[in-house]
Amino acid sequence: MTTRRPLPALIALALLALLLGLAGCGDDGATPPAAAGARATAADDAPLASSTVTSAQSSVAGRTSAARATAAATPTGAIAAMEREVLRRINAIRQERGLQPLEPNDTLAAIARDYSCQMARQNFFSHTSPSGETVADRVREAGVEYRLVGENLARNTNADQPVEVAVQGWMNSEGHRENILREAFTETGVGICREGDRYYFTQIFLQPR
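Asks: Just to check I follow, could you spell out the nonpolar core for this structure?
Replies: Within soluble globular proteins, side chains that are nonpolar generally end up buried alongside one another. Membership of the largest hydrophobic core comes to 20 residues, with the highest contact counts inside it found for V86, W170, I192 and F201. Of all elements in the fold, only α3 (77-96), β3 (146-157), α6 (162-171), β4 (187-195) and β5 (198-208) reach the threshold of two or more residues within this core. Setting aside chain neighbours within four positions, we find I192 in contact with I79, M82, E83, V86, R113, S116, Y199, Y200 and F201. Core analysis: the second largest hydrophobic core is formed by 12 residues, A112, A142, V149 and I204 among them.

Asks: When you look at the environment of H176 in this model, what are you seeing that I'm missing?
Replies: As for its placement among the helices and strands, H176 is situated in helix α7 (residues 174-180). Spatially, the C-alpha atoms of H176 and L153 are 8.6 Å apart, while their sequence positions differ by 23 residues.

Asks: Is there a simple way to explain the packing of aromatic side chains in this structure?
Replies: When we look at a pair of aromatic rings, we describe it by the centre distance and by the angle of the planes. Tallied over the entire structure, the rule returns 2 aromatic pairs. Note on Y115 and F124: the rings are 5.9 Å apart at their centroids and 70° apart in plane angle, and the pair reads as edge-to-face. Across the pair, exposure class does not vary: Y115 and F124 are buried alike. For R138, the ring lying beneath its charged end belongs to Y115, and the centroid distance is 3.5 Å.

Asks: Just checking my understanding: could you explain the packing of α3 against α6 for this structure?
Replies: Helix-helix packing is described using two parameters, namely the angle between the two axes and the distance between the axes. Look at α3 against α6: their axes get within 10 Å of each other, and the N-to-C directions meet at 35°. Read as a crossing pair, α3 and α6 show a hand that is right-handed. Here M82, E85, V86, R89, I90 and I93 of α3 lie close against α6, whose contacting residues are P162, V163, E164, V167, W170 and M171. A class-by-class count of the residues in the contact of α3 with α6 yields 9 nonpolar, no polar and 3 charged.

The rules behind each value
- Residues numbered from 1 in each chain as written.
- Predicted model: local features only at pLDDT ≥ 70, side-chain atom pairs only at ≥ 80, totals over all residues.
- Heavy atoms only, no water.
- Core = buried A, V, L, I, M, F, W, Y, C linked by side-chain atoms within 4.5 Å.
- Buried < 20%, exposed > 50% of the residue type's maximum accessible area, 1.4 Å probe, protein only.
- Helix = DSSP H or I, 4+ residues; strand = E, 2+ residues; numbered from the N terminus.
- Contact = heavy atoms within 4.5 Å.
- Phe/Tyr/Trp six-rings, centres within 6.5 Å; stacked < 30°, edge-to-face > 60°.
- Lys NZ or Arg CZ within 6 Å of the ring centre and 35° of its normal.
- Axes fitted to C-alpha atoms, helices over the stretch in contact; angles between N-to-C directions.
- Left-handed = near helix turned anticlockwise from the far one by under 90°.
- Nonpolar A, V, L, I, M, F, W, Y, C, P; charged D, E, K, R; others polar.

Written as structure tokens, this is what we have:
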């Protein structure tokens, strides 16, 4: 998954244990209990959230999926506004805690949006795609070099305020909150995809190489 594994492996195991208990990260379609404070209006479809972080020194970055990322559908005005609102809220949270705001990265946003739409189209929810790609793979394949990369995911249905539900759910989960408040991250990309009344959120965090 990465070129440096020992510490990230421990982090990943800790996050996995946390997420299995709180956020129900997985591909089986089961709906876990909602995290405290993250509520959707549909009682039978609680919001889902998941986070991961990977440390790596990227080497020669391929560009096999760069075209796919840049070809991600241009968001509608409403979706673009929601993406900007996620970034605004995340940066406000960081600045309240004395951290620098994250700089928007259009390439990361395209990767994130493409992945949100893939989850929506294929009806799955996981950091690992059906073909086995992780966020580290998606970023490297788009030609982005990094030292540290992280990803937060969220999904909610029939929420009156989808952005608020997603961000509040992340902040109520230790793993997601750590990504949001990690000082090493300096860039981010937010991508949202809507399928009916369901919204998929992907936020990628990056420390450049």
